[in-house]
Amino acid sequence: LYLDTELSGEYQRLRLGASISKVPIDFIETGRWRSRVDYVTKIKEASDVVTNLPIYHTYIGGQPLHRSLSAMRYWLTKYVGRNADGDFNDCLIIYDYIKLMKESEMGKLTEWQVLGFQATQLHDFVTRYNVPMLLLAQLNRENQIAAADRILWYVSNFSILGHKDQEEVEEDGPIAGNMKLRTMLTRYGPGMGFEDYL
C-alpha cells in the first residue's frame, strides 16, 4: 500500500511507467512517445507490468492521520488477508511522507509534538497489526529529520537516500547506479560504518 501525501495515482503511474520502460518521463507526459515505434513497444510492455503489479496507491494529502489509519486497516482486511496462523500475509505499507497536513492539526502544540504523536500512532499501528512500514520524512540541511527528532524514537532503522558524488560513482561502477543509502541508526544488528553505504 502506497500512501502518498504529494502525488496523484495517475502521476505515480507515469513515473513508474517511465522507470520500467526507460522512456524519458517528458515523452510520456506530453504524449510524444507515440511518435517513436521503439517507445510505443516499450510503453505497452511497461503498461502491462504496471497494471498487474500488486501496488495500491492512495492519495492522502490534506487528510488527518486517523483517516489514513482507517485506509490501512481496510487494505489489510480487504486485499492482504490473513494466513493460517491469523497473521496478515506478507505486505508492506509505504507512508510517503510524515508531515503536518493542516495548520489546524497543531492546536496549542508545536510541530515537533504533533509529528511525534503521529509517529506514535503509526508505530502503535504496525506493532498491533504486525506489519512492516516504510515511513518517509524530509531532511533538513543538517541531514536530520525536519522538525521531528521524536520520530527517531519509534523507528527500527533510519537511513538516508542521497546522491553519490562523482568519485563514488566512478569507484562503484555504472551498474551500481548514482544513489546511495546510508544507515544512520538501527535498533537491530550491527549497523554500518560512518562512510559505508548501500
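Since the model is a prediction, treat every value here as computed from it, not as a measurement. (Residues numbered from 1 in each chain as written. Predicted model: local features only at pLDDT ≥ 70, side-chain atom pairs only at ≥ 80, totals over all residues. Heavy atoms only, no water.)

Enquirer: How would you sum up the packing of aromatic side chains? Please name residues and give values.
Expert: In this structure the tally under the stated criterion is six aromatic pairs. Ring centres 6.5 Å apart and planes at 80° place the aromatic pair Tyr74 and Tyr79 in the edge-to-face group. You can call Tyr79 partly exposed: its relative accessible area is 42%. Through a chain of ring-to-ring contacts, three or more aromatic side chains come together here, namely Tyr56, Tyr74, Trp75 and Tyr79. The cationic tip of Arg32 hangs over the ring face of Phe27; the distance from NZ or CZ to the ring centre is 4.2 Å. Lying over the aromatic face of Phe88, Arg82 brings its terminal NZ or CZ to 4.0 Å of the ring centre. (Phe/Tyr/Trp six-rings, centres within 6.5 Å; stacked < 30°, edge-to-face > 60°. Buried < 20%, exposed > 50% of the residue type's maximum accessible area, 1.4 Å probe, protein only. Lys NZ or Arg CZ within 6 Å of the ring centre and 35° of its normal.)

Enquirer: Summarise unusual backbone geometry; cite the residues concerned and give the values.
Expert: If a residue is not glycine, its phi is most likely negative; likewise, a peptide bond is most likely trans. Cis geometry marks the peptide bond from Asp96 to Tyr97, where omega comes out at 10°. Note on placement: Tyr97 falls in the loop between β3 (93-96) and α5 (111-129). Positioned with a positive phi, Lys22 is a non-glycine residue whose angle comes to about 65°. Within the element layout of this structure, Lys22 appears in the loop between α1 (9-21) and α2 (25-30). Under the relative-accessibility criterion, Lys22 is labelled exposed at 65%. One non-glycine residue, Asn130, lies in positive phi territory at about 55°. Examined against the element boundaries, Asn130 turns out to sit in the loop between α5 and β4 (133-136). (Helix = DSSP H or I, 4+ residues; strand = E, 2+ residues; numbered from the N terminus.)

Enquirer: Lay out the nonpolar core in plain terms, naming residues and giving numbers.
Expert: For soluble globular proteins, the rule of thumb is that nonpolar side chains tend to be buried together. In this structure, Met72, Leu76, Ile93, Tyr95, Phe125 and Val131 are the most contacted members of the largest nonpolar core, which totals 26 residues. Not counting residues up to four positions away in its chain, the partners in contact with Phe125 are Leu69, Met72, Arg73, Leu76, Ile93 and Val131. Ranked by size, the runner-up nonpolar core spans seven residues in total, among them Val23, Ile28, Trp33 and Tyr39. (Core = buried A, V, L, I, M, F, W, Y, C linked by side-chain atoms within 4.5 Å. Contact = heavy atoms within 4.5 Å.)

Enquirer: I'd like to hear about a nonpolar patch on the surface, residue by residue, with values.
Expert: The grouping of Leu161, Met179, Leu181 and Leu198 at the surface amounts to a nonpolar patch, some 380 Å² of accessible area in total. You can see Met179 is positioned in strand β6 (residues 179-186). (Patch = residues over 30% accessible without salt bridge, like charges linked within 9 Å, V, L, I, M, F, W, Y side chains within 5 Å. Areas by Shrake-Rupley, 256 points an atom, 1.4 Å probe, with all protein chains shown as cover. Salt bridge = Lys/Arg side-chain N within 4 Å of Asp/Glu carboxyl O.)

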